[in-house]
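Structural characterization, general
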Amino acid sequence: MKSAFELAWNARVPLSGTRTLRGRSWSGQGRIVRVEVSMDGGLTWRVAEHHGHHLAKAWLPWHVEWTPRHTGTRLLMARATDETGATQPLTRPRHPFGYHFDAVVRHPVHVVLD
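Attention here is on the structure that accompanies the text.

Considering the sheet that holds strand β5 (residues 46-47)
- Pairing in this open sheet of five strands is mixed, and the strands run β2-β9-β8-β4-β5 from one edge to the other. The open sheet has two free edges, formed respectively by β2 (11-14) and β5, since each of these has just one partner strand.
- Two strands pair when backbone bridges link them, and β2 and strand β9 (residues 107-112) are joined in this way by four bridges, in the parallel orientation. Residue pairing across strands places Val13 opposite Val111, the latter belonging to β9.

Following this line, the structure appears as structure tokens:
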């Protein structure tokens, strides 16, 4: 299972205003039924809205609104749950060749003054 933001790594995000964070999630076991997003490194989670077709073994687009409150580096995280009940783990031991990585990715962004 995988989830990814449609946002550059280390993106600069303006402090003022609300931003729509977009991403996609995928599972090789079935349809994605839930995506949760954290904007504070995993302390709190919000359910993202799905859009698009809920096809088995296909990337599901999602989005969530975010209004940053402070400048500085933030870690965005997204985790998916599929129809089998499997949810992306927060951590996974590293495979020596990089295979089978399905843990939640910590996606850094920098909130900056406009």
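What to know about the nonpolar core
- Counting residues in hydrophobic clusters, the biggest one holds 20 residues, and the most contacted among them are Phe5, Leu21, Val37, Trp66 and Leu76.
- Of all the secondary structure elements, the ones that give two or more residues to this core are β2, β4 (32-38), β7 (60-66), β8 (72-82) and β9.
- With four residues, β7 is the largest single contributor of residues to this core.
- Sequence-distant contacts of Phe5, that is, excluding residues within four places in its chain, are made with Leu21, Arg22, Gly23, Val37, Trp62, Leu76, Met77, Ala78 and His107.

Things to note about the packing of aromatic side chains
- Scanning the entire structure with this criterion turns up two aromatic pairs.
- Directly above the aromatic system of Trp45 lies the positively charged group of Arg79, at a separation of 3.8 Å from the ring centroid.

What to know about the sheet that holds strand β6 (residues 49-50)
- Ordered by their spatial adjacency, four strands build an open sheet running β1-β3-β7-β6, and the pairing between neighbours is antiparallel. The sheet terminates laterally at β1 (2-5) and β6, the two strands that pair on one side only.
- When β6 meets β7, the two strands line up antiparallel, connected through two bridges. Among the inter-strand pairings, His50 is bridged to a residue of β7, identified as Trp62.

Quick notes on the side chain of Arg79
- Relative to the assigned elements, Arg79 resides in strand β8.
- A relative accessible area of 17% means that Arg79 is categorised as buried.
- Ignoring sequence-local partners within four residues, the contact set of Arg79 consists of Ser3, Arg34, Val35, Glu36, Trp45, Thr87, Gln88, Leu90 and Val104.

Focus on the environment of Glu65
- Position of Glu65 among the secondary structure elements: in strand β7.
- The class of Glu65 is partly exposed, set by a relative accessible area of 35%.
- Sequence separation between Glu65 and Arg92 is 27 residues; the distance between their C-alpha atoms is 28 Å.
- In contact with Glu65, other than residues within four places in its own chain, are Thr18, Arg19, Thr20, Met39 and Arg46.
- Within polar-contact distance, the side chain of Glu65 engages the side chain of Thr20 at 2.8 Å.

Rules of the game
- Residues numbered from 1 in each chain as written.
- Predicted model: local features only at pLDDT ≥ 70, side-chain atom pairs only at ≥ 80, totals over all residues.
- Heavy atoms only, no water.
- Pairing = 2+ DSSP bridges.
- Helix = DSSP H or I, 4+ residues; strand = E, 2+ residues; numbered from the N terminus.
- Core = buried A, V, L, I, M, F, W, Y, C linked by side-chain atoms within 4.5 Å.
- Buried < 20%, exposed > 50% of the residue type's maximum accessible area, 1.4 Å probe, protein only.
- Contact = heavy atoms within 4.5 Å.
- Phe/Tyr/Trp six-rings, centres within 6.5 Å; stacked < 30°, edge-to-face > 60°.
- Lys NZ or Arg CZ within 6 Å of the ring centre and 35° of its normal.
- Polar contact = N/O pair within 3.5 Å; in protein donor to acceptor, adjacent residues only side chain to side chain.

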